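Residue strings, one per chain:
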Amino acid sequence: MYSDTEILKYLDKLTWDTTKTAEDLLNILKSPENNWEKKGLYIKMLNFFYWHKVRHLVQPDKISELLSDDVINGLFPRPLRDKYRYVRSLL
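These notes cover the structure that comes with them. Along every chain, residues carry numbers that run from 1 in the direction the sequence is written. In view of the model being predicted, local features appear only for residues whose pLDDT reaches at least 70, and side-chain atom pairs are presented and counted only at 80 or more, with totals across whole chains, interfaces and linings using the full set of residues. In computing side-chain values, all of the structure's heavy atoms are included and hydrogens and water are not.

1. Focus on unusual backbone geometry
- A cis geometry characterises the amide bond from Phe76 onward to Pro77, with omega recorded as 5°.
- Inspection of the secondary structure assignment puts Pro77 in the loop between α6 (69-72) and α7 (78-90). What counts as a helix is a DSSP run of H or I of at least four residues, what counts as a strand is a run of E of at least two, and both are numbered from the N terminus.

2. Points about the pattern of salt bridges
- Think of a salt bridge as a Lys or Arg side-chain nitrogen and an Asp or Glu carboxyl oxygen that are within 4 Å of each other. Applying the stated criterion across every chain, the model contains 8 salt bridges.
- Among the ionic pairs, Glu37 bridges to Lys20, the shortest N-O distance being 3.1 Å. With a gap of 17 residues between them, Glu37 in helix α3 (residues 36-48) and Lys20 in the loop between α1 (4-11) and α2 (22-30) connect regions that are remote in the sequence.
- One salt bridge connects Lys38 with Glu65, and the closest N-O pair in it is separated by 3.5 Å. Of this pair, Lys38 sits in helix α3 while Glu65 sits in helix α5 (residues 63-66); the two residues are 27 residues apart in sequence, bridging distant segments of the chain.
- The network of salt bridges with common partners includes Lys38, Lys62 and Glu65.

3. Regarding the packing of aromatic side chains
- Only centres within 6.5 Å qualify two rings of Phe, Tyr or Trp (six-membered ring in Trp) as a pair; their planes then separate them into stacked at under 30 degrees, edge-to-face at over 60, and tilted for everything else. Enumeration over the complete set of coordinates arrives at 4 aromatic pairs.
- Centroid distance Tyr2 to Tyr10: 5.7 Å. Interplanar angle 15°. Geometry classified as stacked.
- Only protein chains enter the accessibility calculation, which uses a 1.4 Å probe; a residue is then buried when its area is under 20% of its type maximum, exposed when over 50%, and partly exposed in between. The class of Tyr10 is buried, set by a relative accessible area of 13%.
- For the pair Phe48 and Phe49, a centre-to-centre distance of 5.0 Å together with 90° between the ring planes defines the contact as edge-to-face.
- The exposure class of Phe49 is buried, given its relative accessible area of 10%.
- Each member of the aromatic cluster is reached from another via a ring pair, and the members are Tyr2, Tyr10, Phe48 and Phe49.

4. Points about α7
- Expected span, for any helix, means 1.5 Å times one less than how many residues it has. Taking 1.5 Å as the rise per residue, α7 with 13 residues should run 18 Å; its terminal C-alpha atoms sit 19 Å apart, in good agreement.
- Along α7, the residues that are buried comprise Leu80, Arg81, Tyr84 and Val87. With its buried residues spanning 120° around the axis, α7 presents them on a single face. Of the exposed residues in α7, those oriented more than 90 degrees away from the buried face are Arg78, Pro79, Asp82, Tyr86, Ser89 and Leu90.
- Residues of α7 that are buried in the fold lie against α3, α4 (51-57) and α6. Note that the arc is computed from the directions linking the helix axis to the C-beta atoms. Residues count as neighbours in contact if any of their non-hydrogen atoms are within 4.5 Å of one another.

Any link to function would need more than the numbers given here.
If you want it as structure tokens, here you go:
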């Protein structure tokens, strides 16, 4: 997993369409709760970054949360959903 400084650098790329800062997104990412904001952030991360990058941005114990049906069903385009279902099946 990357350091917080490195994670902030990547999360900053996701703030272009929101009023949230990279620090806000980091707090959501590290939050123990699994809420709609975190699911939305997971969807955005999987849509924007390659899998190998995402797995370094998320704590290892949160990978199953990241690859939940709710998150995967929010991905676009549809073939991306199949890709992450396959990734989940491998894990």
